[in-house]
Amino acid sequence: MTRVHRRAGATGAVAVAFAILLTSCSSTADSTPFDENATPVSGGTSTFGLNSDVDCVDPQQTGSSVAALVSRNVVDSLVAHGENNEFTPWLASSWTESEDAKLYTFTLRDGVTFSDGTPLDAEAVKFNFDRVFNPATKSAYARSLLGPLDTVTVVDANTVSVAFTAPYPSFLQGASLPFLGIQSPTHLRSTDNADCTTLIGSGAFTLGNYTKGVGFELNRRDDYNWGPGYAKHQGAAYLEKLNFRILPENATRLGSLENGEVDAIAAVPSADAPQVDKDPNLRLIKYENPGINYSIFLNTQAAPFTDIRVRQAFQSSLNSTDLVKSVYFDQLRPADNILGPKTPYYDATVPGTWGYDADKANSLLEEAGWTSRDSDGYRTKDGKRLIVRFPLRFVQLLRRERAPARSLPGSDQEGCRIRLGDRARGHRNAIGSCGEG
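Notes on the structure in this doc start here. (Residues numbered from 1 in each chain as written. Predicted model: local features only at pLDDT ≥ 70, side-chain atom pairs only at ≥ 80, totals over all residues. Heavy atoms only, no water.)

## Overview of the side chain of Ser-176
Item 1. One can find Ser-176 in the loop between α4 (171-175) and α5 (185-190).
Item 2. In this structure Ser-176 comes out as buried when scored by relative accessible area, which is 7%.
Item 3. In this structure Ser-176 touches Arg-72, Ser-77, Val-79, Ala-80, His-81 and Phe-87, once residues within four positions along its chain are discounted. (Helix = DSSP H or I, 4+ residues; strand = E, 2+ residues; numbered from the N terminus. Buried < 20%, exposed > 50% of the residue type's maximum accessible area, 1.4 Å probe, protein only. Contact = heavy atoms within 4.5 Å.)

Encoded structure:
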């Protein structure tokens, strides 16, 4: 995640809410050195430029990172996940975890209310988790964070237990995300929210208005006093308003920052990052999120990836280090593991067990029986060409990120190539081969 914000003089600084990854900023800039230790000033508005719109603002229904960024200021979570990978209290003042990681019991904080006046209690937590788990909610991502959920039980008004059918040690990490943030059950029961444009939580801000294609307007809750344990500031946010503008074009978004129309932006184009970093009026912030890295997942239930040798061959044919350097101008680190380094239980020994090796890829395909070639030079087996299919959405993602065609696994590599074929039922055929010739 890369973001940039405009530097501000100490006399005009306003501290932004803890819930968003920004530092002190104001709507104007001057040459006064930026002082992170300046005394925060209450009031003011901060405007943030987003790189895309959302199809839904409810984090329990969508997997959008933009929706998560906005909703993090509106909904709180049971626990908080600090940058040091420690979990701290938030809506839960304490919790216990069974030795087998199959049962978590949370004691809720006293005095917490949602912005519609509904008090937080164990029933509210149960309602939210049951809603996420319900197939009718059509959760895009939050459902996966509940893993092998068995039951959610109200022990008493301020105590709720969450049981799983199998050990689930990563539950706290999932519970700390806005996708499992606790929303007002009163609001959820009173509306089907078919257009998915409303959200009521217990957070430091309320969602005042959302206009599709334009942005979000958030207003401070003056009675807020239950921030996460890692937050240096407790109580109401310093900012009075927090606005998000949707600026999908990279040049427009960056230009709005440089012109002072917004105070910070997300998704700084990698090609512009060096220039931004040199600008004395701007500050570039890079942060690696915990969790699963951007990855290509192979369907092990469908040929040819039912054969582990073919899976390993494709993995070995991808020179991710060089690709990430060329596509992202050496601004991002290539993933070396399914999990990011800031994720709990990250295994630092995994990166050394795999990597780009064209010879290994060729050898594995030979072992798997893909030994023949057709007239175009592509590998075949039993007269059938080696073909895999990527969802069309994945190809669109590559285009949006301006990734060249060679960034597909194995394409334009030494001895390996992939050609994108025609669209078919929402997919593109990727015809591939590895080997000489």
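So that's the structure; there's more coming.
## Details of the sheet that holds strand β16 (residues 384-385)
Item 1. Sheet architecture is open: 3 strands sit in the order β14-β15-β16, paired in antiparallel fashion. At either margin of the open sheet sits one strand with a lone partner, and together these are β14 (372-373) and β16.
Item 2. Bridging between β14 and strand β15 (residues 379-381) involves 2 bridges; their strand directions are antiparallel. Residue pairing for β15: Arg-373 is matched across the bridge by Arg-379. (Pairing = 2+ DSSP bridges.)

## Regarding the packing of aromatic side chains
The way to describe two aromatic rings as a pair is by their centre distance and the angle between their planes.
Item 1. All told, the structure shown has 13 aromatic pairs when counted by the stated rule.
Item 2. Look at Phe-48 and Phe-244: their rings are 5.7 Å apart centre to centre, the planes differ by 55 degrees, and that puts the pair in the tilted class. Pair noted here: Phe-48 is in strand β2 (residues 45-50) and Phe-244 is in strand β11 (residues 241-246), with a separation of 196 residues, a long-range link.
Item 3. Judged by its relative accessible area of 0%, Phe-48 is buried.
Item 4. Arranged with centres 6.5 Å apart and planes meeting at 90 degrees, the rings of Phe-216 and Phe-244 form a pair that is edge-to-face. On the criterion of sequence distance, the pair formed by Phe-216 in strand β10 (residues 215-220) and Phe-244 in strand β11 is long-range, its members being 28 residues apart.
Item 5. Owing to a relative accessible area of 1%, Phe-244 belongs among the buried residues under this scheme.
Item 6. Following the ring pairs from residue to residue traces out a cluster consisting of Tyr-104, Phe-106, Phe-129, Phe-164, Tyr-168 and Phe-171.
Item 7. Cation over ring: Arg-189 sits above Phe-127, and NZ or CZ is 4.3 Å from the ring centre. (Phe/Tyr/Trp six-rings, centres within 6.5 Å; stacked < 30°, edge-to-face > 60°. Lys NZ or Arg CZ within 6 Å of the ring centre and 35° of its normal.)

## Looking at the pairing of β11
Item 1. Bridge count for β2 against β11 is 6 bridges, and the pairing is parallel. Within β11, the residue paired with Leu-50 across the bridge is Ile-246.
Item 2. With 5 bridges joining them, β10 and β11 adopt antiparallel strand pairing. Looking at β11, one finds that Phe-216 is bridged to Phe-244.

## Quick notes on the sheet that holds strand β7 (residues 149-156)
Item 1. The strand order across the open sheet formed by 4 strands is β5-β6-β8-β7, and the pairing between neighbours is antiparallel. If you trace the sheet from one side to the other, it starts and ends with β5 (92-97) and β7, each paired once. Each strand axis lies, on average, 20 degrees off the axis of its neighbour in the sheet, ignoring direction.
Item 2. Two elements, β5 and strand β6 (residues 103-108), share 5 bridges in a ladder whose sense is antiparallel. By the bridge assignment for β6, Glu-97 is matched with Tyr-104. (Axes fitted to C-alpha atoms, helices over the stretch in contact; angles between N-to-C directions.)

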